[in-house]
Amino acid sequence: MTRYPLPSDTRAALQQYAHKCQNPGLLFERYTPEFLHSGDKQKALENIQRCKPDQQAMDAYRARLRALVRAADAITFQAQTDWRFVTGLGRNTPFEVGFTFHRLYGFPVIPGSGLKGLARAWAYFRLKEEQPDCESEEDPLFAAVFGRASKGDESEGSVGGAVFFEAIPLDEPELEVDVMTPHFPDYYSDKKNRVPPSDDQDPVPIPFLTIKDGVRFGFAVGWRGASNPKAHTQAVEWLKAGLENLGAGGKTAAGYGYFEIVGGQ
């Protein structure tokens, strides 16, 4: 019988109902079976992979989010994963690597803060290409979208007008288990910087969750404050270009996280 590191009454309830769970995020974040501690993380992730979010709850959440972005006069678009995608790798979990699920409903989600950072990074690179000597926050369009930090007594800071909503899957968010294999585990885990990379260290495969290719996500960028159609549209274009050219989430250097824009929402 599988045991859970929880109070006995809670453990008994989980043993009776966990197989009926329709929240992969809950399994990943909270229902940590004992087989994790025996090292069988692959099996644990495969169990989470097979768990499907409640479709009725997802449909209701999508409807509420659509109403919210309409009320915010947001510009919306769709993009689908070009290959595997993973976000939240750095989160602290029993699996060594993280994954970002919606905290209530358990489906994969891309936080709006991450999308804002992606759009800002692309905008910064483009401005540096076009105006190498210009500080990004000195550009009126950049400042209108992302804001401007205060510089002591020289100038006051301002808040950007763009509002980046979280992106959620429009299709069934199919998960896949992938594996990374650090070849120098002793080197990476040495916090005192005394162990060099060497060929005598045993690679240890680490399984982790990803979203498969071809899954559509809905994106939305709203605007607050005085209307600025030019800056609002530019914010959306920067986000689209970032998704296509920089990639979102983790392991983008290995080809993860790139999106293809597929139309309006």
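Look up: the structure comes first, before these words.
Residues numbered from 1 in each chain as written. Predicted model: local features only at pLDDT ≥ 70, side-chain atom pairs only at ≥ 80, totals over all residues. Heavy atoms only, no water.

With respect to helix α3 (residues 41-50)
We count it as follows: For every residue, the accessible area (1.4 Å probe, protein chains only) is compared with the maximum for its type, and the residue is labelled buried under 20%, exposed over 50%, or partly exposed between those bounds. Each helix is a run of DSSP H or I of at least 4 residues and each strand a run of E of at least 2, with the numbering of both proceeding from the N terminus. Summarising the geometry, the arc corresponds to the directions from the helix axis toward the C-beta atoms. A contact between two residues is defined here by any heavy atoms of the two lying within 4.5 Å.
Listing the buried residues of α3 in full gives K41, A44, L45 and I48. Each buried residue of α3 lies within a common arc of 95° when the element is viewed along its axis, so the set occupies one face. Buried residues along α3 sit in contact with α2 (24-29), β6 (175-180) and β7 (206-211).

Some details on the side chain of D190
So the rule is basically this: Within this scheme the basic residues Lys and Arg register as positive and the acidic residues Asp and Glu register as negative, but His and the chain ends are omitted. Salt bridge, as used here: a side-chain nitrogen of Lys or Arg that lies within 4 Å of a carboxyl oxygen of Asp or Glu. Under this definition, polar contacts are N or O atom pairs within 3.5 Å; protein pairs additionally need one hydrogen-donor-capable and one acceptor-capable atom, and for neighbouring residues in sequence, both atoms have to be side-chain atoms.
Looking at the element boundaries, D190 is found in the loop between α7 (185-189) and β7. It is R194 that comes nearest to the buried, bridge-free D190 among opposite-charge side chains, at 6.2 Å. Only 3.1 Å separates the side chain of D190 from the backbone nitrogen of N193, close enough to count as a polar contact. One polar contact links the side chain of D190 to the main-chain amide nitrogen of V195, over a distance of 2.7 Å.

Overview of the pattern of salt bridges
Counted under the stated rule, the structure contains 12 salt bridges. A salt bridge links D178 to R84, with the shortest nitrogen-to-oxygen separation between them at 2.8 Å. On the criterion of sequence distance, the pair formed by D178 in strand β6 and R84 in the loop between β1 (75-81) and α5 (112-130) is long-range, its members being 94 residues apart. On the basis of relative accessible area, D178 is assigned to the buried category, the value being 11%.

Side note on empty space enclosed by the protein
Worth spelling out the cut-off: Whether a set of points on the 1 Å grid over the protein atoms alone is a cavity depends on a 1.4 Å probe fitting there but being unable to get out, while an open set qualifies as a pocket with protein on both sides within 12 Å along at least five of seven lines; lining residues are those with an atom within 4 Å of a point. Grid points are joined across faces, edges and corners, and a volume is the space filled by probe spheres set on the points.
With the rule as written, the count across this model stands at 3 cavities of 30 Å³ or more. The calculated volume of the largest cavity comes to roughly 50 Å³. Taken together, P24, Q49, C51, K52, P53, F101, G106, P108, E172, P173, E174 and L175 form the lining of the largest cavity.

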